[in-house]
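# Chains, contacts and geometry: an overview
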Amino acid sequence: MYTGRFAPSPTGPLHIGSLIAALASWLDARAAGGRWLVRIEDLDRPRCVPGAAGEILRTLERLGLTWDGEVVYQSRRLALYEAALQELPTYWCSCTRREIADSSLGLAVDGAPIYPGTCRPGAAGARRALRVRTSAEEICFDDRVQGRQCQVLERDIGDFVLYRADGLFAYQLAVVVDDFQQGVTHVVRGADLLDSTPRQIYLQRLLGAPVPRYLHVPVAVNAAGEKLSKQTGALAVEPTRDTLRSALRLLGQEDVSSLEEAVRHWNPALISPRRALASPR
Ligand code: GLU
């Protein structure tokens, strides 16, 4: 059965950027007659804002974006992530940020230094982070909007962090474990995560998890080209019909007057195959 999900990080209220991802994934699930789950990604405690999760859920409800089943909180699922870590080829890394920046041979697509595998031989002194050993095979997938995407993880990203010694499980690990455990078949989310997808597919293969279908919608950016977020001063969306209409417009969809109509007219082929789109606010 089609199972989709929206997985916000509770770092602030829903803004137009996160609403586009929520609406696209809700419409895609409802148009397919599928289930739509909501998962609060609250692992990175220092970045979470008290009350934000409740506010996001209330806004979704008032917009009519209702979900199926119980809302899941990642902070209550640490045992699942711990168990998955045991199954993966990992090693401890003692490198500091500075050492990685100095030894790296280049920058990954996301701007972070590519990790050159310094601690692979297993000689790490201090245990700073647990990394997964990547491989030289090319990992490709066909995004439903953005087209074919390929990465060679060992060359393009390097062995990446799954767990930090301060007790933090990485997003890349948690998202894969949860999508697997919750039976997610279709992931619809912002294109800022397009470059993370090959890492997630790699972990899915290692864990024997099915690979979902992916659809990445453009992220809303401001006039300066920055992703809308709390840091760039994005405003909380008002739960009104006009808000839904602007979100539908950014998704390239027909102008309709109700959510039911939007479901009937939902056409992912109309979504712009770009990573970013300028939004008025
Ligand atoms: N929690 C992530 C975010 O808010 C989204 C994760 C996902 O959809 O895979 O950016």
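Given the structure is predicted, the values throughout are model-derived calculations rather than measurements.

### Remarks on the sheet that holds strand E2 (residues 35-40)
As summarised here, the arrangement of the three strands in space is E1-E2-E3, forming an open sheet in which the pairing is parallel. The sheet is open, and its two borders are formed by strand E1 (3-6) and strand E3 (72-73), each paired with just one other strand. This element, helix H1 (residues 16-31), spans E1 and E2 of the sheet and lies at about 150 degrees to E2.

### Here we look at the pattern of salt bridges
Under the definition given, this model contains 18 salt bridges. With its nearest N and O atoms 3.0 Å apart, the salt bridge here joins arginine 148 to aspartate 142. We note a salt bridge from arginine 245 to aspartate 255, for which the minimum N-O separation is 3.0 Å. Taken together, the residues arginine 245 in helix H8 (residues 241-250) and aspartate 255 in the loop between H8 and helix H9 (259-265) connect sequence positions ten residues apart. On the accessibility criterion, aspartate 255 (58% relative accessible area) is exposed. A cluster of three or more residues bridged by salt bridges with shared partners is formed by Arg5, Arg39, Glu41, Arg77, Asp178 and Asp179.

### Some details on the site of the ligand
In the region of the ligand, the neighbouring residues are Arg5, Ala7, Pro8, Ser9, Glu41, Tyr171, Val175, Arg189 and Leu193. With respect to the ligand, the backbone of alanine 7 contributes an N or O atom lying 2.7 Å from a nitrogen atom. Here an oxygen atom of the ligand sits 2.8 Å away from a polar atom, N or O, in the side chain of tyrosine 171. When the ligand sits alone it has 300 Å² of accessible area, and the protein chains cover 80% of it. Here the residues of the shell around the ligand sort into five nonpolar, one polar and three charged.

### A look at the sheet that holds strand E4 (residues 90-93)
Read from one edge to the other, the open sheet built from four strands follows the order E4-E5-E8-E9, with strand pairing classed as antiparallel. With one partner strand each, in any of the chains shown, E4 and strand E9 (168-169) form the two edges of the open sheet. Strands strand E5 (129-132) and strand E8 (160-164) of the sheet are contacted by helix H7 (residues 197-207), whose axis makes an angle of about 70 degrees with E8.

### Remarks on the environment of tyrosine 163
When you line up the elements, tyrosine 163 lands in strand E8. Tyrosine 163 sits in the buried class, given a relative accessible area of 18%. As a C-alpha pair, tyrosine 163 and isoleucine 40 span 123 residues in sequence and 19 Å in three-dimensional space. In this structure, tyrosine 163 is in contact with Leu85, Trp92, Ala129, Leu130, Leu168, Phe169 and Ala170, ignoring residues within four places of it in sequence.

Rules and cut-offs
Residues numbered from 1 in each chain as written. Predicted model: local features only at pLDDT ≥ 70, side-chain atom pairs only at ≥ 80, totals over all residues. Heavy atoms only, no water. Pairing = 2+ DSSP bridges. Helix = DSSP H or I, 4+ residues; strand = E, 2+ residues; numbered from the N terminus. Contact = heavy atoms within 4.5 Å. Axes fitted to C-alpha atoms, helices over the stretch in contact; angles between N-to-C directions. Salt bridge = Lys/Arg side-chain N within 4 Å of Asp/Glu carboxyl O. Buried < 20%, exposed > 50% of the residue type's maximum accessible area, 1.4 Å probe, protein only. Near = heavy atom within 4 Å. Polar contact = N/O pair within 3.5 Å; in protein donor to acceptor, adjacent residues only side chain to side chain. Areas by Shrake-Rupley, 256 points an atom, 1.4 Å probe, with all protein chains shown as cover. Nonpolar A, V, L, I, M, F, W, Y, C, P; charged D, E, K, R; others polar.

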